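Fold and geometry: a report
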2 protein chains.
Amino acid sequence: MTAQQTCGAAADGNRRAELVRAAARLFRDRGYDGTSIRDIADAVGMRSGSPFYHFKSKQEILAAVMEEGLLSCLPAVEGIVAGALPPRQKFRALLRAHLETVLAEGHDFIPVLLYDWRALSPERRAGIVALRDRYDRVWQAVLTELQRAGMVKSDSKVARLLLMGAINFSIQWYQPGRGCTLDELADEAAGMFLL
Amino acid sequence: MTAQQTCGAAADGNRRAELVRAAARLFRDRGYDGTSIRDIADAVGMRSGSPFYHFKSKQEILAAVMEEGLLSCLPAVEGIVAGALPPRQKFRALLRAHLETVLAEGHDFIPVLLYDWRALSPERRAGIVALRDRYDRVWQAVLTELQRAGMVKSDSKVARLLLMGAINFSIQWYQPGRGCTLDELADEAAGMFLL
DNA sequence: CCTACCGATCGGTAGG
DNA sequence: CCTACCGATCGGTAGG
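Description of the structure in this document. (Residues numbered from 1 in each chain as written. Chains lettered and ligands numbered in written order. Predicted model: local features only at pLDDT ≥ 70, side-chain atom pairs only at ≥ 80, totals over all residues. Heavy atoms only, no water.)

Some thoughts on the relation of the copies chain A and chain B
For the match of chain A to chain B, the screw axis carries a shift of 0.0 Å, the RMSD comes to 0.0 Å, and the turn is 180 degrees. The transformation relating the two chain copies, once decomposed into turn and shift, fits a two-fold axis. Among all residues of chain A, the minimum C-alpha distance to the rotation axis is found for A166(A), at 1.9 Å. (Least-squares fit on C-alpha atoms with pLDDT ≥ 70 in both.)

Below you can see the structure in the form of structure tokens.
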């Protein structure tokens, strides 16, 4: 009985997780407004009304994509900043991790966060902002370390926003398998911003 | 007769231009998919069917926003690159002009180009890409001048894309009248990318 | 999780 | 450029 309940809950969780994953993929490709509940249901082999057994609304699916995307990548980057690497390697590791999160195939969650932010209803934003802030603090900490080591001109907030923007905007032009690898891109970005 | 025809044509052109301007504003605020033809018609005091007297489809309005946005800012930036300023000032002037285009209040056209690109149908993209390429060539030329003057590490295409991304992404976080002015932002960006 | 459905809204058109 | 309208699609729900 306990086993069956656990199994049932796990199966429910899996279906829910499937929906979030499918939604992330579709939102990334077509945008939130360009994706219908029916598209998401089709992608996991459900009927059009069934996603509402798992989520109260389409907005709740969007929030889940953003929240789970951040929760799944925060441990890695917070591990990097807490680690003992010298500043330059720390920066390079963070850069590389972020590029992976944003550009690697199958990584759809953070791009949705970045490019469908305005589609998220104002009431749902606060919770996600709290997680974004954790992510931003990691970057700020690493930039401050770099600055103290004399390896970068500025660790101002604006400098950080410009740097992160340079990388985040690469979603718009980077094509996996064409042009350069993620490692080469990380090198170019690092070389550009370090003294 | 000629005067009346001209006047009639001008009035038509004005109504069309009004629609494009209203659409740009709405697309920037709510996205292409989040804006209905009725929203656009309302904004200029027309009934819902009337925009189709000026445009064949909603897609044609989007293409007009992007095309007119590029056509109206290209002369200024092409003037900068063709001018006689030394490399550093040329770069600074280009940076400043681009920030204006992208962040100043009432400048909605280029943000739509940057953030609703995927909403533009593939058939309509080629024409806009040709104009974008002209814009990109201006930047590339200025970066090459900078590099020859030994003022920047790299004038590779990737370096240019990262730099332009840093600025373009500022639409997502910059708030006019809060934090810093466009001039200060231009200084910070220039200081960051110059040796 | 499916069936069957609802009201609202969408882009677009015919005819004037 | 308006009136009046169309078929399609949307997010969401009741009842099982």
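Still more to cover.
Quick word on the layout of surface pockets
Taken as a whole, the second largest pocket spans an internal volume of roughly 350 Å³. If you trace the second largest pocket, you find 30 residues lining it, with M192(A), F193(A), L194(A), M192(B) and F193(B) closest to the centre. Of all elements in the fold, only α7 (122–148), α8 (157–168) and α9 (182–193) of chain A together with α8 (157–168) and α9 (182–193) of chain B reach the threshold of two or more residues within the lining of the second largest pocket. Sort the elements by how many residues they give to the lining of the second largest pocket and α9(A) lands first, with 5 residues. (1 Å grid on protein atoms, 1.4 Å probe; cavity = no way out; pocket = protein on both sides within 12 Å on 5 of 7 lines; lining within 4 Å. Points joined across faces, edges and corners; volume = space filled by probe spheres on them. Helix = DSSP H or I, 4+ residues; strand = E, 2+ residues; numbered from the N terminus.)

Some details on the protein's contact with DNA strand C
Close to DNA strand C lie 15 residues; R15(A), S50(A), Y53(A), H54(A) and K58(B) are nearest. For DNA strand C, the backbone makes up 60% of the atoms found within 4 Å of the protein, where backbone means sugar plus phosphate. Backbone polar atom of T35(B) to a phosphate oxygen of DNA strand C: 3.4 Å apart, as the coordinates give it. Between a phosphate oxygen of DNA strand C and a main-chain N or O atom of K58(B), the distance comes to 2.7 Å. (Near = heavy atom within 4 Å. Polar contact = N/O pair within 3.5 Å; in protein donor to acceptor, adjacent residues only side chain to side chain.)

Comments concerning helix α5 (residues 87–103) of chain B
Residue and element names in this part refer to chain B. End to end, α5 covers 24 Å across 17 residues, agreeing with the expected 24 Å (1.5 Å per residue, within 8%). Listing the buried residues of α5 in full gives K90, F91, L94, L95, H98, L99, T101, V102 and L103. The arc that holds every buried residue of α5, seen down its axis, measures 165 degrees, which confines them to one face. (Expected span 1.5 Å × (residues − 1). Buried < 20%, exposed > 50% of the residue type's maximum accessible area, 1.4 Å probe, protein only. Arc of directions from axis to C-beta.)

Section: the packing of helix α5 (residues 87–103) of chain A against α8(A)
Residue and element names in this part refer to chain A. One way to put it is that α5 packs onto α8 with a least axis distance of 10 Å and a crossing angle of 45 degrees. In terms of axis orientation, α5 runs oblique to α8. The handedness of the crossing between α5 and α8 is right-handed. Taking contact as the criterion, the partners of F91, L95, H98, L99 and V102 in α5 are, on α8, L163, I167 and N168. Residue composition of the contact of α5 with α8, grouped by class: 6 nonpolar, 2 polar and no charged. (Axes fitted to C-alpha atoms, helices over the stretch in contact; angles between N-to-C directions. Parallel < 35°, antiparallel > 145°, perpendicular 65-115°, else oblique. Left-handed = near helix turned anticlockwise from the far one by under 90°. Contact = heavy atoms within 4.5 Å. Nonpolar A, V, L, I, M, F, W, Y, C, P; charged D, E, K, R; others polar.)

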